[in-house]
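Residue strings, one per chain:
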Amino acid sequence: MESIGADLEEMKRQPLEREEVDAIAAIAELRDYAAGETVAEVGDPMDRFVYVLTGEIELVDPYTQQRMIESSLGPTQFAGELAFLNAGAHTVPLRAARPTRTLEAPRAAMLELMARRPRLADHVIGVFAARRRQLFEDHRSSIKLIGADRDARIQAVGRFLDRNRIPYESFDLDDPEGEGIHLCQLADHAPAVIFAEGMILDDPTPRAVARLLGLDLNVCERAEVDLLIVGGGPAGVAAAVYAGAEGLDALVVEDSAIGGQAGSSSRIENYMGFPTGISGADLAFRGQVQAMKFGTRFVMPRRVAAVARTEDERFCARLEEDDEEICAPAVLVATGVQYRRLPLPRLRALEGKGVYYAATEMEARFCAGQPVLVVGGGNSAGQAAMFLARHADCVKLIVREEALAETMSSYLRERLEADPAIEIHLASEVSALHGERRLEAVTVRHEGDERREPCGGLFIMIGAAPNTGWLSGLVDLDAEGFVITGEEAGAGSAYETSCPGVYAVGDVRAGSVKRVASAVGEGSVVVSAIWRHVARCHERRGEAPPGQRED
Ligand SMILES: Cc1cc2nc3c(=O)[nH]c(=O)nc-3n(C[C@H](O)[C@H](O)[C@H](O)COP(=O)(O)OP(=O)(O)OC[C@H]3O[C@@H](n4cnc5c(N)ncnc54)[C@H](O)[C@@H]3O)c2cc1C
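Throughout, a residue's number is its position along its own chain's written sequence, starting from 1. Totals for whole chains, interfaces and linings use all residues, but because this is a predicted model, local features are given only for residues with pLDDT of at least 70 and pairs of side-chain atoms are given and counted only at 80 or more. Hydrogens and water molecules were not included; the side-chain quantities draw on all heavy atoms of the structure.

This part is about the sheet that holds strand β20 (residues 422-425). Any two strands between which DSSP finds at least two bridges are classified as paired. Each helix is a run of H or I in the DSSP string that is no shorter than four residues. Each strand is a run of E no shorter than two, and both are numbered from the N terminus. Pairing in this open sheet of five strands is parallel, and the strands run β17-β24-β18-β19-β20 from one edge to the other. Either end of the sheet is taken by a strand with one partner, and the two such strands are β17 (355-356) and β20. Relative to strand β24 (residues 457-460), β17 runs parallel, the two being bridged by two bridges. Across the sheet, residue tyrosine 356 finds its bridge partner in β24, namely phenylalanine 459.

Now for the state of the cysteines. The disulfide criterion used throughout: a pair of cysteine sulfur atoms within 2.5 Å. The final tally for this structure, using the stated rule, is one disulfide. Just so you know, cysteine 367 is unpaired, no disulfide at all, and the nearest cysteine sulfur is the one on cysteine 455, 7.8 Å from it.

Here we come to empty space enclosed by the protein. Buriedness for pockets is judged along seven lines, at least five of which must meet protein on both sides within 12 Å for an open set on the 1 Å grid over protein atoms alone, while cavities are sets there where a 1.4 Å probe fits but cannot get out, and lining residues have an atom within 4 Å of a point. Grid points are joined across faces, edges and corners, and a volume is the space filled by probe spheres set on the points. Enumeration over the complete set of coordinates arrives at one cavity of 30 Å³ or more. Size it by volume and the largest cavity reaches roughly 60 Å³. Forming the boundary of the largest cavity are Val39, Ala40, Met46, Arg48, Val50, Ala79, Gly80, Phe84, His90 and Leu94. Mapped onto the lining of the largest cavity, the elements with two or more residues apiece are β2 (38-40) and β3 (48-59). Here the lining of the largest cavity is built from residues that sort into seven nonpolar, two polar and one charged. For this scheme, ten residues count as nonpolar: Ala, Val, Leu, Ile, Met, Phe, Trp, Tyr, Cys and Pro. Four count as charged, namely Asp, Glu, Lys and Arg, and the remainder, Gly too, count as polar.

On to the site of the ligand, then. Residues in contact with the ligand amount to 36 residues; listed here are only the nearest, Glu254, Gln261, Asn270, Gln383 and Asp507. Polar contacts, as used here, are pairs of N or O atoms within 3.5 Å; protein pairs need one atom able to donate a hydrogen and one able to accept it. Residues neighboring in sequence count only if both atoms are side-chain atoms. Between the ligand and serine 256, the relevant distance is 3.4 Å, taken from an oxygen atom to a side-chain nitrogen or oxygen of the residue. Within the contact set of the ligand, an oxygen atom lies 2.7 Å away from a side-chain nitrogen or oxygen of glutamine 383. Surface accessibility follows the Shrake-Rupley procedure with a 1.4 Å probe radius. Residue values consider only the protein chains on display as shielding. Protein chains shield 94% of the accessible area of the ligand, which is 1000 Å² for the free molecule. At the level of elements, α7 (234-245), β16 (337-339), α11 (379-388) and α13 (516-540) are the ones that each hand at least two residues to the shell around the ligand. A breakdown of the residues in the shell around the ligand according to their chemical character gives 14 nonpolar, 15 polar and seven charged. Put simply, a residue is near a molecule or strand once any heavy atom of it comes within 4 Å of that molecule or strand.

The geometry of helix α1 (residues 18-27) relative to helix α2 (residues 107-116) is characterised by a closest axis approach of 10 Å and an angle of 145 degrees between their N-to-C directions. Where α1 crosses over α2, the handedness of that crossing is right-handed. Taking contact as the criterion, the partners of Ala23, Ile24 and Ile27 in α1 are, on α2, Ala109, Met110 and Leu113. When the residues that make up the contact of α1 with α2 are grouped by side-chain class, the tally is six nonpolar, no polar and no charged. Orientation is described by lines fitted to C-alpha atoms, with helices fitted over the stretch in contact, and by angles between N-to-C directions that extend from 0 to 180 degrees. Crossing handedness follows the turn of the near helix against the far one: under a right angle anticlockwise gives a left-handed crossing, and clockwise gives a right-handed one. Contact criterion: two residues are considered in contact whenever any of their non-hydrogen atoms come within 4.5 Å of each other.

So, in structure tokens, the structure goes:
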């Protein structure tokens, strides 16, 4: 993980300033714990900031009830981690190791205090981020996935956790070793997600895991916000940062994982400021933490199914599954695009079992040492081939066109051509998939000839269509379904749609440049027009404008 946090081991331990502790004391309660008393259990909401005055708090392994790591929290230290910012839940139990006295401040009051005191905010967030990094680097977590080697549902949970930068440990069902043997017994030798001894999810889906982690809407205090951002890709996350910084009460609803398409890119090399590249998931995670610091909330994995305008000129979005509604005077459409599928029999049955649409560390692990095929001639296919070549036995890039020149950036083309682990097959296509429980081989057609090839992973990267079905006819779309904005839509500002109060940015917008930098740029720029719109709505209702604006 190219981390947002410093290395905890190397971080200079610096207590909070006296006046900062006094400010926390002014909003906090004193609590006393006896030795051995629980401070927080797995699944408890991180609804208070816990500062240790005297005594000692330890992190507990929820499977053995023993101390989980050697170091503990002593006087002048505080508990918590990044999930605190988003009203998440504890994933590691906390226990008083001896008689302990704490200051405990409610989360909302603590966030308000941090907003007023940037030095305090930087200190707290710096420590939280370093702790998340340490959990990642130590591969230590109380969340255990059993059976990702063969179960598509567990793989989906793994992808969700990976892409949302939530640490977990994964154990194979077929061949468990060490700790895995006990965990497989706990799970009755079936694929499972376990949070603690006796805390096994009946329905291991990303949503069920998100609910336990406090990432779903059920922990969201309000269903009424200033700005509803639909989509948590680079465009939505950038808007989330600027909206929070400008004092808008904003909420991001994301269908799968923060980062969008960029989140599935293992290395983005053309984003300013990262000369050696950065993974899309890390870039988005940094943005998410920044946005949370400014008070923007994220809800996932939830899909907006429809949106409608109300009589009082607000918009209400309905979420899939539970029909919950979120209403706001402004909506930002940042839903990007989704991958196209190949028209092949049994494709859906093999998705997640050898057929993939993203090339991340997890998929690479499943294909290690095997031959893989990447289908597509664009930059995403090229990047995936480069990345997979480091893990797979060999990579074949299957391109329908007769040349790569028109579809791929020249730097990438040159690297692919120079890599001995990659073969480029032009004028070729995959015409059949083989394998019962998982993909074993594919048929590749070239100029009328067909040949069967062994295949441990088929990566389909053949472009995408806009995610605009949920807009329910509210705004004008172009012939391909992209959202029309600005002058062409008869709107008053560049990213406004034909429906005043609804804005669109990033890949979903007609005519946008399909790149991370442009999505981030549009998501940042659009916020000033949204702020003006929301301020007018507030004014009509006799309310104060949102936050304080700095021009
Ligand atoms: C593998 C890959 C590699 C890439 N590499 C690069 C690169 O190196 N450099 C570069 O500049 N660009 C790269 N790109 C392109 C870049 O990632 C996109 O241009 C960028 O992500 C667009 O951002 P976005 O926020 O507009 O949309 P997206 O990234 O598509 O994000 C949209 C988000 O909206 C969510 N969503 C959709 N519908 C709904 C709904 N109804 N309710 C809730 N949420 C919803 C989706 O789940 C998604 O997370 C790459 C793309 C891919 C796929």
